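# Structure assessment
Each chain is listed here by its residues.
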Amino acid sequence: MLLRNRILTRQIASFFSSSPCLPPQKPLTLSFPAPVHHSTARSPNSPLPRRISVKPMAAKAKTTLSETAKFVQTDLFVPPGVEPSDVTEDMILPYSNIVQGPFAGYSQIKEVQFVKSSGRPKDCPKDDRPEFAILGRSNVGKSSLINALVRKKEIALTSKKPGKTQLINHFLVNKSWYIVDLPGYGFANASESARMDWSSFTKGYFLNRETLVSVLLLIDASVPPQKIDLDCANWLGRNNIPMTFVFTKCDKVKGGKGKRPDENIRNFQEFIKENYRQHPPWIMTSSVTGLGRDELLLHLSQLRNYWDN
């Protein structure tokens, strides 16, 4: 049986569309930073981080094997240190398209502390520790996800009023890396000037933060794909900023009449495939049930260890 068919059967068959997509006019290639030593961080004039290469599998006689190779290269996230031809079913993290590689290591959170809030990117910590920025639409569940990851209530304040986070908030994890809570975008009640200010200083953070390993772009799986999320993903891709799609609220169905989370995720991915030659990493989560927590931390560990190697 093909690797593709086994994955479809075992995990989340409805997330991968079998219908062919029209070739995009300007497909993007998502990049993750190459290893950067703390003492040799990139200068503003240095080239962009190199792409994690995904080499084609060796040609085989059987057509079915080439279909498997295509699936591995276009639908799965193959991390550094793994050849696509070596990918097996048990290497794929549950409820995701992420392959576990040799850089995956200790991933549990033992200690977390709030460090500071910054109103400008230049005011952020300057100690060269790697960091992961959590970004998403207001009310997508950013604070709930952070609290679930660190397993501490109220480490990141939750609020019934979307848009409460207005600063860049750094949380130090295990004294070695940062979780960065960014302001949510798309807050309808914010003034136009406030939305413009948010866009300006947040984009400045993305474009100038040398210690940024990846953006965790949170997508609400309980609602259909939102244009503002797709626009954000495309902006990050155009600017060569690494990202992982983290689908939140995968335990919810809005109002009893909405589509299932897996349907919304599939629809979102179909839009993304129109702009990316290779699908960025993605994972399903729920801060209520704990779905995806350990797998997401394992994914962060392999990105972090590769960056810091």
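Just so it is clear, the structure is predicted and the values come from calculations on it, not from any experiment.

Calculation notes
Residues numbered from 1 in each chain as written. Predicted model: local features only at pLDDT ≥ 70, side-chain atom pairs only at ≥ 80, totals over all residues. Heavy atoms only, no water. Core = buried A, V, L, I, M, F, W, Y, C linked by side-chain atoms within 4.5 Å. Buried < 20%, exposed > 50% of the residue type's maximum accessible area, 1.4 Å probe, protein only. Helix = DSSP H or I, 4+ residues; strand = E, 2+ residues; numbered from the N terminus. Contact = heavy atoms within 4.5 Å. Salt bridge = Lys/Arg side-chain N within 4 Å of Asp/Glu carboxyl O. Pairing = 2+ DSSP bridges.

### Section: the nonpolar core
Residues Phe206, Leu217, Leu236 and Phe245 are the most contacted members of the largest nonpolar core, which totals 33 residues. In terms of residues, this core owes the most to one element, helix H5 (residues 227-238), which gives five residues. Sequence-distant contacts of phenylalanine 206, that is, excluding residues within four places in its chain, are made with Ala133, Leu135, Leu182, Leu212, Val215, Trp235, Leu236 and Ile241.

### Re the pattern of salt bridges
Following the criterion strictly, the structure yields ten salt bridges and no others. Lysine 142 is the partner of aspartate 181 in a salt bridge, and the nearest nitrogen-oxygen pair spans 2.7 Å. Of this pair, aspartate 181 sits in strand S4 (residues 177-181) while lysine 142 sits in helix H3 (residues 142-150), placing them 39 residues apart in sequence. Take aspartate 181: its relative accessible area is 3%, and that puts it in the buried class. Residue class for lysine 142 comes out buried when judged on its relative accessible area of 8%. Ionic pairing is found between aspartate 294 and arginine 293, a salt bridge with its closest N-O pair at 2.8 Å. Exposure remark for aspartate 294: the relative accessible area of 37% places this residue in the partly exposed category. Judged by relative accessible area, arginine 293 falls into the buried class, the value being 8%.

### Digging into the pairing of strand S2 (residues 131-136)
The buried fraction of S2 amounts to six of the six residues, a majority that puts the element mostly inside the structure. Across the two faces of S2 the burial is the same, with Glu131, Ala133 and Leu135 and Phe132, Ile134 and Gly136 all buried. Looking at chain direction, S2 and S4 are connected through four bridges and run parallel. Directly across from alanine 133, in S4, lies its bridge partner valine 180. Taken together, the six bridges between S2 and strand S5 (residues 212-220) define a ladder with parallel strand orientation.

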